[in-house]
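For reference, the chains in residue letters:
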Amino acid sequence: MSSRTLPLLFINLGGEMLYILDQRLRAQNIPADKAKKVMNDIITTMFHKKFLEELFKPQELYSKKTLRTVFDRLAHASIMRLNQASMDKLYDLMTMAFKYQVLLCPRPKDILLVSFNHMDAIKDFARESPSILAQVDETYQQLIEMYTPLSSGEFQLIRQTLLIFFQDMHIRVSIFLKDKVQNSNGRFVLPTSGPVPHGTQVPGLIRTFSCAGEELNRLQFTNGGNYSSALREGCFDICGDRITKLGTNMYSVSRPVETHMSGTSKSSAQHTKVNTAPNPLAKEELNLLARLMGGLEVQKAGNPDSGFRVNLFATDEEEEEALISRPDELSYGVINIQATKDKQANAELAKIMGEFSEPGDQSPSTSSKGDDLLAMMDSL
């Protein structure tokens with residue numbers, strides 16, 4: 001498992017989240033000033049200095065529950081609110097979109113180009129805020145310093161780690177189904193044609209060489225696809241042509257997206273047994289979660305009327321139905337870490353949160369109260 005995977009996973013999922021929220025804010029005719037505030041608040045929280053310091057530390061990936069908790073907190077970092085069903089759908093769309101992009105990368109290193117496409121879009125969302133742009137540019141530099149020196153083998157390990165993380169997710173997405181890149185069981189259809197990875201040749205030729213390195217003969221064969229040579233390598237600098245379209249925005253107001261549980265996922269979920277054995281990573285996951293949450297700033301709404309709810313479904317009825325019909329095994333048990341209660345429960349956890357929180361940043365979440373620390377550890 002690669003210890004350098006978490007920042008790429010977070011940035012790409014965060015980019016997809018912003019694409020989806022931008023589409024829904026437009027579709028629901030949210031006033032421009034409120035929509036801009038939501039996007040800026042989320043981006044500011046994503047690129048909070050102390051949060052990124054913790055995120056970029058070499059570490060293994062933890063559970064989907066931990067990551068989902070971070071994104072739940074991140075999505076509510078502004079005046080916008082999402083019900084659980086809409087948050088479930090948002091997370092499903094985010095994960096399936098990035099899973100598809102990882103599968104389509106011509107070579108493992110192109111995952112970094114996908115990340116830069118997401119970073120470029122995030123920068124464009126915040127183009128009118130110089131302070132946020134400075135945060136984003138600093139993250140660009142961190143990505144370049146950490147990932148550009150890596151070998152092809154290290155990128156391959158990162159790709160395999162991501163695919164292992166996504167391997168049990170088979171949510172059907174309407175856009176993918178309409179474009180026929182996803183089957184009815186939620187699995188993706190990978191192309192057998194198109195440009196080959198940069199630095200490789202179009203398959204179809206076998207060359208034989210002597211011990212001295214001289215070419216002896218050539219044998220051509222049918223490659224079974226319609227391949228073409230790669231145009232050029234994408235740019236790995238802060239600005240430049242990434243070449244690949246993976247990681248760019250595939251949503252629009254005129255192209256709504258829906259998610260559906262595939263038959264395979266429903267069947268497997270029904271047979272999933274809860275593992276009651278203690279999780280040896282429970283304490284480490286909880287400490288990671290506390291450190292990450294300590295760096296997240298959640299805006300405290302001063303005026304209740306200033307907030308608004310975003311629905312990722314066509315109607316409130318559809319949202320309620322989705323919440324009821326979603327299998328319990330596929331619902332993420334979101335952990336809300338609340339500073340006051342958790343300080344009473346565990347002094348060490350309070351110390352961790354204190355180290356990663358600015359004065360005045362420990363505003364309690366406006367959602368439900370945090371669970372007891374021991375109960376959280378038991379459930380992990």
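Refer to the preceding data block for the structure.
Residues numbered from 1 in each chain as written. Predicted model: local features only at pLDDT ≥ 70, side-chain atom pairs only at ≥ 80, totals over all residues. Heavy atoms only, no water.

Each helix and strand counted, the protein has 15 helices and eight strands in total. For the protein, the exposed surface amounts to about 18700 Å²; the carbon and sulfur share of it is 51%. (Helix = DSSP H or I, 4+ residues; strand = E, 2+ residues; numbered from the N terminus. Areas by Shrake-Rupley, 256 points an atom, 1.4 Å probe, with all protein chains shown as cover.)

Quick look at the layout of surface pockets now. Where empty space is left can be seen by rolling a probe of water-molecule size over the atoms. Each pocket or cavity is described by its volume, and for the second largest pocket that value is around 670 Å³. In terms of lining, the second largest pocket is formed by 28 residues, of which the most central are Leu104, Pro106, Gly194, Pro195 and Val196. For the lining of the second largest pocket, the secondary-structure elements that each account for two or more residues are α5 (84-104), α6 (110-125), β3 (194-195) and β6 (227-228). Of the residues contributing to the lining of the second largest pocket, the split by class is 15 nonpolar, eight polar and five charged. (1 Å grid on protein atoms, 1.4 Å probe; cavity = no way out; pocket = protein on both sides within 12 Å on 5 of 7 lines; lining within 4 Å. Points joined across faces, edges and corners; volume = space filled by probe spheres on them. Nonpolar A, V, L, I, M, F, W, Y, C, P; charged D, E, K, R; others polar.)

Next up on the list: the nonpolar core. Membership of the largest hydrophobic core comes to 80 residues, with the highest contact counts inside it found for Leu9, Phe10, Met17, Ile42, Phe71, Leu90 and Tyr147. Looking at this core element by element, the count peaks at 12 residues for helix α1 (residues 6-27). Not counting the four nearest positions on each side in its chain, Ile42 is found in contact with Met17, Leu18, Leu21, Leu74, Ala75 and Met80. (Core = buried A, V, L, I, M, F, W, Y, C linked by side-chain atoms within 4.5 Å. Buried < 20%, exposed > 50% of the residue type's maximum accessible area, 1.4 Å probe, protein only. Contact = heavy atoms within 4.5 Å.)

Let's shift gears to unusual backbone geometry. Located in the positive-phi region is Asn29, a residue other than glycine, with phi close to 55°. Following the sequence through the fold, Asn29 ends up in the loop between α1 and α2 (32-46).

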